[in-house]
Amino acid sequence: FAGIAHKSSTGLRKMISAHAPELLETHSWEELYKEKQAIYDILLEKGGLALMPGVENVLEAVQSAHIPHAVVTNSTFKQISLIRKQLPVLNTILHWITREDYHHPKPAPDAYLKAREIIGASDHMLGFEDALRGIRALEKASITPVLVCSPSHPQMEEVREGSLRFYSSFLSL
């Protein structure tokens, strides 16, 4: 799922069309998407979340250096609230741009343009992403993209060597 979802905002729909077209004969895409969201919410409520290794150290360094920062996500405010409840260190981040704050999802630049507006645009901005959709959004918003992703992740097949800043984890920064 993650490999498909990270590559494209329409990847899941295309995969269902190709491998389980009968689902789209009995349900609309909107119904299936709402069901996927509901299942995701249930998983978030169950817990078991953890930060990616190294994230807390990077967050502490950014905050102690007083570097303006924000989280930009395709997740909803409700989903982020569930995540922040389980990972209190995230409550130290002042600015959150969630799905309700912009019109078009990644790979459109809307979310990152909103972040630029909120924290103040600079010529020296970095954006960390774990998905190519986010990398494309950063590029369109004129923010230097940094991909943090396992080299074995399926989306890495689309990344040409040397085409962007890439780290296998936040511990490698």
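Everything below is about the structure printed above this text.
Conventions adopted
- Residues numbered from 1 in each chain as written.
- Predicted model: local features only at pLDDT ≥ 70, side-chain atom pairs only at ≥ 80, totals over all residues.
- Heavy atoms only, no water.
- Axes fitted to C-alpha atoms, helices over the stretch in contact; angles between N-to-C directions.
- Helix = DSSP H or I, 4+ residues; strand = E, 2+ residues; numbered from the N terminus.
- Parallel < 35°, antiparallel > 145°, perpendicular 65-115°, else oblique.
- Left-handed = near helix turned anticlockwise from the far one by under 90°.
- Contact = heavy atoms within 4.5 Å.
- Nonpolar A, V, L, I, M, F, W, Y, C, P; charged D, E, K, R; others polar.
- Buried < 20%, exposed > 50% of the residue type's maximum accessible area, 1.4 Å probe, protein only.
- Lys, Arg positive; Asp, Glu negative; His and termini not counted.
- Salt bridge = Lys/Arg side-chain N within 4 Å of Asp/Glu carboxyl O.
- Polar contact = N/O pair within 3.5 Å; in protein donor to acceptor, adjacent residues only side chain to side chain.
- Pairing = 2+ DSSP bridges.
- Right-handed = clockwise from strand over helix to strand, strands pointing away.
- Phe/Tyr/Trp six-rings, centres within 6.5 Å; stacked < 30°, edge-to-face > 60°.
- Patch = residues over 30% accessible without salt bridge, like charges linked within 9 Å, V, L, I, M, F, W, Y side chains within 5 Å.
- Areas by Shrake-Rupley, 256 points an atom, 1.4 Å probe, with all protein chains shown as cover.

Caption draft 1: Broad picture of the packing of helix H4 (residues 29-46) against helix H6 (residues 77-86). Contact geometry for H4 and H6: axes closest at 9 Å, N-to-C directions at 15°. Relative to H6, H4 is oriented roughly parallel. Between H4 and H6 the crossing geometry is left-handed. From H4, Gln37, Tyr40, Asp41, Leu44 and Glu45 reach across to H6, where they touch Lys78, Gln79, Leu82, Ile83 and Gln86. Within the contact of H4 with H6, the residues separate by chemical class into 4 nonpolar, 3 polar and 3 charged.

Caption draft 2: Representation of the side chain of Arg116. Following the sequence through the fold, Arg116 ends up in helix H7 (residues 110-119). It turns out Arg116 is buried and unbridged, and the closest side chain with the opposite charge, Asp123, is 5.3 Å from it. Polar side-chain contacts of Arg116 include one of 3.2 Å to the backbone oxygen of Ser142. Leaving out residues up to four positions away in the same chain, Arg116 has contacts with Ala121, Ser122, Met125, Ala141, Ser142 and Ile143.

Caption draft 3: The arrangement of the sheet that holds strand S5 (residues 165-167) in detail. Read from one edge to the other, the open sheet built from 3 strands follows the order S3-S4-S5, with strand pairing classed as parallel. Of all strands in the sheet, those bounded by a partner on one side alone are strand S3 (126-129) and S5. Recorded for the sheet is a direction-independent mean angle of 25° between the axes of neighbouring strands. In this sheet, strand S4 (residues 144-148) lies alongside S3 in parallel orientation, the contact comprising 4 bridges.

Caption draft 4: A look at the pairing of S4. Among the 5 residues that make up S4, 4 are buried, leaving the element largely enclosed by the rest of the structure. Crossover S3 to S4 through helix H8 (residues 132-140) is right-handed. Bridging between S4 and S5 involves 3 bridges; their strand directions are parallel. For Val146, the partnering residue across the bridge sits in S5 and is Arg165.

Caption draft 5: Inspection of the packing of aromatic side chains at higher detail. Within the structure shown, the criterion is met by 2 aromatic pairs. An angle of 50° between the planes, with centres 6.0 Å apart, marks the rings of Trp29 and Tyr33 as tilted. In this pair, Trp29 and Tyr33 both sit in helix H4, 4 residues apart, roughly one turn of the helix. Assessed through its relative accessible area of 15%, Trp29 is described here as buried.

Caption draft 6: Molecular detail of a nonpolar patch on the surface. A surface patch of nonpolar side chains, about 260 Å² in accessible area, is lined by Leu126, Phe128 and Leu173. Here Leu126 shows up in strand S3. For Leu126, a relative accessible area of 46% translates into the label partly exposed.

Caption draft 7: Seen up close, unusual backbone geometry. Residue Pro107 follows Lys106 across a cis peptide bond; omega there is 20°. Tracing the backbone shows Pro107 in the loop between strand S2 (95-97) and H7. Positioned with a positive phi, His66 is a non-glycine residue whose angle comes to about 60°. Relative to the assigned elements, His66 resides in the loop between helix H5 (55-64) and strand S1 (70-72). Assessed through its relative accessible area of 71%, His66 is described here as exposed. If you check the backbone angles, Ser142 has positive phi at about 60° while not being a glycine.

All quantities given are derived from atomic positions and should not be read as evidence of function.
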